[in-house]
Structures are given as C-alpha cells and as structure tokens.
Amino acid sequence: MLIVQKFGGTSVGDLERIQNVANRVSETKKAGHDVVVVVSAMSGETNKLVAYAEHFSADPERSEMDMLLSSGERVTASLLAIALNAMGHSAVSMSGRKAGIVTDNLHTKARIEEIDPTAMHKAIKEGKIIVVAGFQGVSLDGNVTTLGRGGSDLSAVAIAGAIKADLCEIYTDVSGIYTTDPRIEPKAKKLDKISYDEMLELASLGAKVLQNRSVELAKKLNVNLVTRTSFSNEEGTLITKEENIMEKPLVSGIALDKNQARVSLFGVKDRTGIASDIFNKLAQNNVNIDMIIQNVAHDGSANIDFTVPVGDLSDAKKVVAEFIESGDITEQSYDEKICKVSIVGVGMKSHTGVAAKAFTTMANENINITMISTSEIKVSMVIAEKYAELAVRSLHDAYELDK
Ligand code: ADP
Ligand code: ASP
Ligand code: MG
C-alpha cells in the first residue's frame, strides 16, 4: 500500500517523540508499504513564532509571517528524516515547494491550486521515505505560503489525493473523533466511523481535531481518512461516505468554538443593496462571516449583527469603519467574549425536535442564547463564553451521547 501518515504537533513535541514517530514510520516501511510522512511543527512552536513577530508589530506583513511560520515544519521534517536515516532507512525531507504544492498568493491562508507530484513519485520509486513539511506551499510567483492554522492536515490530504494513496492517517494526541472534545467532556465516546459531512460540520464549528478544509478536500477526492493516536496502537476513527455507515445516530457530536467574535452594526441605512455592499466588501477582504442577524428597521435604519473568527476581527473592523465614514452605518461594537456551541448529526434530516431539545437544555441551565443558525445537519447557538463548557456537557447529557 501507499500510505500518507501525518503527525501533529504533540506527536512530534520533543526529540523522544520524534524518535517514536520514526519508529512507527519504520515499522510501516518494514511491513512493505510505501510511506509519505507529513509533519507539523513541534507543539507550541507556531504560537511561539507568532508571538515573536507580535513583539515587533501588531500587524506584521503576511508574506513575512509565512516565511517565519513555515520554518517550524521544516525543523521537524528534517529532524525526522535524519532520525530515519540513522535507523538505516533512506529518507528525504521536502519543503512544500519541493513536494510540488502550488497555492494562490493569499498569505497565511493560501489555497492549494495544484500539486505536481513528480519529485515525490521519483523518490517513492527509489524506495525512499519522504517527509514533507506540512502547512506550506509556494505561490505561483514563487513565495512561501501557509495554509491556515492546522493546515498540515490539509497538506496530508492533498498529497494523499495527488499521489493516489490508499490511506491517509492523521496521527494526533487523542485516539480518534469523539462525540465531543474529550478534554471538555471526559465521558465523550470515540466514534468508529463518521461521515465526511458530519466531520466537516464539526471541524468548521470548532472541533480542531481536523482542519475543516482538509475534510472538505478528503470528501471531494474520496480519500480514505483515519484519525488515530501516535501514542498507542489503538484503532482510530474512519471518516467516510455516509452510505458506508449503517447506524446513523440522531446527533453524532457537539462542537465548541471559542474563537468567535460578534460584530454589531447600528444605524445601518435601510436601502436596497446595503447588505450586499457590506458583505461583499467583507468577502473581498477575506473576512469569514458565519451567522448574520438583521432586525426590523425603524426610522430608516436597521441593526445587523454577525460573527467572525477572532483572527478576522481587525479586518472586519477596518471594512466597517469605511461604511461609518461614508455615513451608511452610524456605529459598530464588538464582543469577543462569546462562543458558538453546535450539535451535528445526519439523523436530524429525518427527525423533528432536535433543535427544540438544544434550546430547552440551554434554558434549563439558565444560559441565554443570543444567535441561532441551523442547516440540514447542524444547530449552532451563540452564548456567553463563560458558559461554554457547561453548555457542551449538558448537551452531551441531553442527547445521551455517553450511552
Ligand atoms: P495536532 O497537533 O495533532 O494537529 P490538534 O490539537 O490540532 O492536534 O487536535 C487534537 C485535539 O482536538 C485534541 O487534543 C482534542 O482536545 C481536540 N478535539 C476537539 N474536538 C474533538 C473531537 N470531537 N474529537 C477528538 N478531539 C477533539
Ligand atoms: N503548525 C501549524 C499550526 O500550529 C500547522 C499545523 O500544526 O497543522 O497551526
Ligand atoms: Mg491540528
């Protein structure tokens, strides 16, 4: 088999753990498989580099951030290759550029445009173990780019698709996908299988165990994706097509996203096209909008509230400031002390009362819901951040996910 194995930050967190990864990769190779390894930076490393940059500037150039942050993954990739070679294997590390990962030039959240697998194919043919530095690529104009936080998952899935790997294993510090973050709810249960769509919702709604774009791509390319732990041989969770899952629970999991902020716009001029103007401008500035609420207009103006990831807040504020300048909006305010709690499950498609149960659960805990959004397979609620963990645990109980 041709296997892609991705090891996250904790799995390569120190030299001993990198040796542990080398041993695991070695076993896979000795079992007769071809292996392409994708690694993250050592845990904490990327955050440390971000803090270094912020020491000098509140708004560092994004292209410089990419030069800086991509270095973390290169350290691990070369160390792992060195460790494998010392064990008698023939291993070679590759930067994103060498691995042929071409992206657009949207620095710090670049999208993969194509992968040229020539160098990887050649190395595999020569019997080499390839260790690719995750999270990075090269733009068409030759600059280093990174793929957004958690982006090594995307590197792994994209490579698995490009080289037509039989399997893509994501090794992390928990043994698979759980009904909710096991660090918040110790009673959370590991799932044997989960559909791409449910996993995509969970990942997009805050379950950082997989980066959402990696799940989206895995679905598109039909990559066999498994999440498991690098610390034991315990079996993980298979992320697969919905039709491969016999038993469809009503609710599969609960996600929490504390990384959200709410932007409130007051006195928005009630004219045709205003929402289009505001949200197009936000989109052009790559501000990721999630929930939107517009209230009934009084005396020719309305209030609009929306949520954005905290990282996009400064860009959002700049855009809104332009509309305040031009008189289309009177005032803005924002709140970072919110969070979004979501329940996800394909079973919701065919059952009623799922959302009502979530609202009742919040009411019983005296938690005020300030925004709601739903889709076919999810219900999301914005609440005060201080109630985040309580909300997750009570929802987990309410839907009996520990059973
Ligand atoms: P890595 O460094 O390996 O990429 P991450 O820290 O990005 O690992 O993701 C793993 C973490 O995701 C776990 O430690 C866990 O706390 C968190 N997590 C959140 N939701 C879930 C979930 N539903 N199932 C498993 N882990 C989850
Ligand atoms: N090191 C990067 C991050 O911390 C990418 C990754 O780990 O996937 O976001
Ligand atoms: Mg991760």
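Fair warning: this is a prediction, and the values are worked out from it, not measured in the lab.

## Some words on the packing of aromatic side chains
- Scanning all chains against the criterion turns up 2 aromatic pairs.
- Here the aromatic rings of Phe 7 and Tyr 171 are separated by 4.7 Å at their centres, their planes lie at 10 degrees, and the arrangement is stacked. Of the two residues, Phe 7 sits in strand 1 (residues 2-7) while Tyr 171 sits in strand 9 (residues 167-172), which places them 164 residues apart along the sequence.
- By relative accessible area, Phe 7 is classed as buried at 0%.
- Here Phe 279 and Phe 306 contribute two aromatic rings whose centre-to-centre distance is 5.4 Å and whose plane-to-plane angle is 75 degrees, an arrangement assigned as edge-to-face. Note that Phe 279 is positioned in helix 8 (residues 274-284) and Phe 306 in strand 16 (residues 301-309), a separation of 27 residues in sequence.
- Taking the relative accessible area as the measure of exposure, Phe 306 reaches 0% and is therefore buried.

## A word on the nonpolar core
- Counting 42 residues, the largest nonpolar core has Val 4, Val 36, Met 120, Ile 159, Ile 163, Cys 168 and Met 199 as the members making the most contacts within it.
- Mapped onto this core, the elements with two or more residues apiece are strand 1, strand 2 (34-39), helix 4 (118-125), strand 6 (129-133), helix 5 (152-162), strand 9, helix 6 (196-204) and helix 7 (212-221).

## Focus: the layout of surface pockets
- Its boundaries defined by the atoms lining it, the second largest pocket holds a volume of some 460 Å³.
- Lining the second largest pocket are 20 residues, and of these Leu 191, Asp 192, Lys 193, Glu 247 and Pro 249 sit closest to its centre.

## Focus on empty space enclosed by the protein
- Taken as a whole and judged by the stated rule, the model has 1 cavity of 30 Å³ or more.
- Empty space within the largest cavity amounts to approximately 40 Å³.
- Forming the walls of the largest cavity are Arg 74, Ser 95, Gly 96, Arg 97, Gln 136, Gly 137, Val 138 and Val 144.
- Taken together, the residues of the lining of the largest cavity break down into 2 nonpolar, 4 polar and 2 charged.

## Notes on the site of ligand 2
- With respect to spatial proximity, the complete set of residues near ligand 2 consists of Ser 40, Thr 46, Glu 73, Phe 135, Arg 149, Gly 150, Gly 151 and Ser 152.
- Residue Ser 40 places a side-chain N or O atom 3.0 Å away from an oxygen atom belonging to ligand 2.
- Gly 151 is positioned with one of its backbone polar atoms (N or O) 3.4 Å from an oxygen atom of ligand 2.
- Protein contacts shield 86% of the accessible area of ligand 2, which totals 260 Å² for the unbound molecule.
- For the shell around ligand 2, the residue count by class is 1 nonpolar, 5 polar and 2 charged.

## Re the packing of helix 10 (residues 354-364) against helix 11 (residues 388-398)
- Orientation of helix 10 relative to helix 11, taken along the N-to-C sense of each, is 130 degrees, at an axis distance of 10 Å. The angle between helix 10 and helix 11 places the two elements in the oblique class. The handedness of the crossing between helix 10 and helix 11 is right-handed. Contacts between helix 10 and helix 11 pair Lys 357, Ala 358, Thr 361 and Met 362 from the former with Ala 391, Ser 394, Leu 395 and Ala 398 from the latter.
- For the contact of helix 10 with helix 11, the residue count by class is 5 nonpolar, 2 polar and 1 charged.

## What about the site of ligand 1?
- As a structural note, the neighbourhood of ligand 1 is formed by 18 residues, with Thr 172, Asp 173, Tyr 178, Asp 181 and Arg 183 the closest of them.
- Within the contact set of ligand 1, an oxygen atom lies 3.2 Å away from a side-chain nitrogen or oxygen of Lys 208.
- Computed on the free molecule, ligand 1 has an accessible area of 580 Å², of which 89% lies beneath the protein chains in the complex.
- Grouping the constituent residues of the shell around ligand 1 by class yields 7 nonpolar, 6 polar and 5 charged.

Procedures and definitions
- Residues take numbers from 1 onward in each chain, read along the sequence in its written order.
- Chain letters and ligand numbers both follow the written order, the letters beginning at A and the numbers at 1.
- Since the coordinates come from a predicted model, pLDDT governs what is reported: local features require at least 70, and pairs of side-chain atoms require 80 or more to be given and counted, while whole-chain, interface and lining totals use all residues.
- Excluding hydrogens and water, the side-chain values take into account all heavy atoms of the structure.
- In this analysis, rings of Phe, Tyr and Trp, with Trp reduced to its six-membered ring, are considered paired at centre separations within 6.5 Å, and the interplanar angle assigns stacked below 30 degrees, edge-to-face beyond 60, and tilted for intermediate values.
- Note on conventions: DSSP H or I runs of at least 4 residues are helices, E runs of at least 2 residues are strands, and numbering of each starts at the N terminus.
- Only protein chains enter the accessibility calculation, which uses a 1.4 Å probe; a residue is then buried when its area is under 20% of its type maximum, exposed when over 50%, and partly exposed in between.
- Note on terminology: a nonpolar core comprises buried Ala, Val, Leu, Ile, Met, Phe, Trp, Tyr and Cys residues joined through side-chain atoms within 4.5 Å.
- Lining residues are those with an atom within 4 Å of a point, where the points come from a 1 Å grid over the protein atoms alone and group into cavities, where a 1.4 Å probe fits but cannot get out, or pockets, open sets with protein on both sides within 12 Å along at least five of seven lines.
- Grid points are joined across faces, edges and corners, and a volume is the space filled by probe spheres set on the points.
- For this classification, the nonpolar set comprises Ala, Val, Leu, Ile, Met, Phe, Trp, Tyr, Cys and Pro, the charged set comprises Asp, Glu, Lys and Arg, and every other residue, Gly included, is treated as polar.
- What makes a residue near a molecule or strand is one non-hydrogen atom of that residue sitting within 4 Å of it.
- Here a polar contact is recorded for every N or O atom pair within 3.5 Å, except that within protein the pair must consist of a potential hydrogen donor and a potential acceptor, and residues adjacent in sequence are included only if both atoms are side-chain atoms.
- Method for areas: the Shrake-Rupley scheme with a 1.4 Å probe, in which residue coverage is limited to the protein chains shown.
- To obtain an axis, a line is fitted to C-alpha atoms, over the contacting stretch when the element is a helix, and the angle between two such axes runs from 0 to 180 degrees between their N-to-C directions.
- In this scheme, roughly parallel covers angles under 35 degrees and roughly antiparallel covers those over 145, while 65 to 115 is roughly perpendicular and the rest are oblique.
- By the definition used in this description, the sense in which the near helix is turned from the far one sets the handedness, with an anticlockwise turn below a right angle giving left-handed and a clockwise turn giving right-handed.
- When checking whether two residues touch, look at their non-hydrogen atoms; a contact exists if any pair is within 4.5 Å.

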